[in-house]
Structures are given as C-alpha cells and as structure tokens.
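# Inside the fold
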Amino acid sequence: MDSAEILSLLEKPTRDRWAFVYQIRDEAAVADIVAALRASIQPHARSLLCYILNLRAGAEFFEGRSSETKQAVPALIESLADPDADVRDSAIAVSYTHL
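Presented here is a report on the structure given in the accompanying data block. Note that the structure is a prediction, hence the values are computed from the model and not measured. (Residues numbered from 1 in each chain as written. Predicted model: local features only at pLDDT ≥ 70, side-chain atom pairs only at ≥ 80, totals over all residues. Heavy atoms only, no water.)

## So, the nonpolar core
What counts is decided by this rule: To form a nonpolar core, buried Ala, Val, Leu, Ile, Met, Phe, Trp, Tyr and Cys residues must be joined to one another through side-chain atoms within 4.5 Å. We call a residue buried when its accessible area falls under 20% of the maximum for its residue type, exposed when it is over 50%, and partly exposed in between, using a 1.4 Å probe and counting protein chains only. Runs of H or I in DSSP of at least four residues are treated as helices and runs of E of at least two as strands, each being numbered from the N terminus. Residues count as neighbours in contact if any of their non-hydrogen atoms are within 4.5 Å of one another.
Within the largest apolar cluster, 24 residues are counted, with the highest numbers of intra-cluster contacts made by Ile6, Leu10, Ile24, Ile33, Leu49 and Leu53. Secondary structure elements with two or more residues in this core: α1 (3-11), α2 (18-27), α3 (30-39), α4 (43-62), α5 (73-79) and α6 (85-98). The greatest single-element share of this core, amounting to six residues, is contributed by α4. Once you skip the residues sitting within four places of it in the chain, Leu49 turns out to touch Ile6, Leu7, Leu10, Ile33, Ala36 and Leu37.

If you want it as structure tokens, here you go:
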C-alpha cells in the first residue's frame, strides 16, 4: 500500500474511517505512512496518520521489536507546527508515548 492509496482511503468521503486506519496500520510501510502525512491536504487525514504511527510504535514496543517507526520522527516534528490543533495533538501523543 503506497502513500497515494493511503490518502485515497483516508481522504475520500465516508462515514467510518476506522477500518481503513487498522488496514493502513497493518499493511502499509512506515515510509509510505510518512509520505502520506507529508502530502495530505486534509487535517483529519493528517491527524489519523499520526494516530496510525502511534499504533505502529506501540505494537513494535510491545512486541519487543526495534522501532521502525523512529524513521517517522522528522515528519512528526514537522507536524508539531501544523496549523491544525488536532494534528499537533496527535503528533505530540505519538512522540510522548513511544518515541
């Protein structure tokens, strides 16, 4: 699943994105999630992408794997300056809890 597919799932009109959130968490590479975060024009999608990175980091931690999610740190730092407060809060949450 590449960044374009991730964005099409999160940015298309739908009543419930949660199934997509877990699909992206399970199927997408961290690099593609980061690329989607940087490319997204919709604040809600950016917030969900930070949330997905938080889920990935948590799973890696509890499975005792080294964190592949650490490659997302530069994009999360960029998200701290996002004009949308929800995006900033989501970036803080992943940074605070897992990285």
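## Let's talk about α2
Cut-off, in case you're wondering: Relevant arc is that of directions from the helix axis to the C-beta atoms, nothing else.
Restricting attention to buried positions, one finds in α2 the residues Phe20, Val21 and Ile24. Take α2 and look down its axis: the buried residues cluster within an arc of 105°, on one side only. Opposite the buried face of α2, at more than 90 degrees from it, the exposed residues are Ala19 and Asp26. Next to the buried residues of α2 lie α1, α3 and α4.

## Describing the side chain of Arg17
Note the threshold: The charge count treats Lys and Arg as positive and Asp and Glu as negative. His and the chain ends do not count. The salt bridge definition used is simple: a Lys or Arg side-chain nitrogen within 4 Å of an Asp or Glu carboxyl oxygen.
Turning to its location among the elements, Arg17 is positioned in the loop between α1 and α2. Buried within the structure, Arg17 lacks any salt-bridge partner; its nearest side chain of opposite charge belongs to Asp16, at an N-O separation of 7.9 Å. When near neighbours in sequence (up to four residues on either side) are disregarded, Arg17 contacts Leu10, Glu11, Lys12, His44 and Leu48.

## A few points about α1
Here is the rule: Any pair of N or O atoms that falls within 3.5 Å is considered a polar contact. Within protein, one atom must be able to donate a hydrogen and the other to accept it, and sequence-neighbouring residues count only if both atoms are side-chain atoms.
Within α1 the residues assigned to the buried category are Ile6, Leu7, Leu9 and Leu10. Mapping the buried residues of α1 onto a view down its axis gives an arc of 160°, with all of them on the same face. Of the surrounding elements, those touching the buried residues of α1 are α2, α3 and α4. The residue sitting at the N-terminus of α1 and contributing the capping side-chain oxygen is Asp2; that oxygen lies 3.2 Å from the backbone nitrogen of Ala4.

## A look at the packing of aromatic side chains
In plain terms, the rule: Each Phe, Tyr or Trp ring, with Trp reduced to its six-membered ring, pairs with another whose centre is within 6.5 Å; inter-plane angles below 30 degrees give stacked pairs, above 60 give edge-to-face pairs, and intermediate values give tilted ones.
As enumerated under the stated definition, the model contains two aromatic pairs in all. A ring pair is formed by Trp18 and Tyr22, whose centres lie 6.3 Å apart and whose planes are at 35°; its orientation type is tilted. One end of the pair is Trp18 and the other is Tyr22, both in helix α2 and four residues apart, which spans about a single turn. Owing to a relative accessible area of 42%, Trp18 belongs among the partly exposed residues under this scheme. A centroid spacing of 5.5 Å and a plane angle of 85° characterise the contact between Trp18 and Tyr51, whose relative ring orientation is edge-to-face.

Any link to function would need more than the numbers given here.
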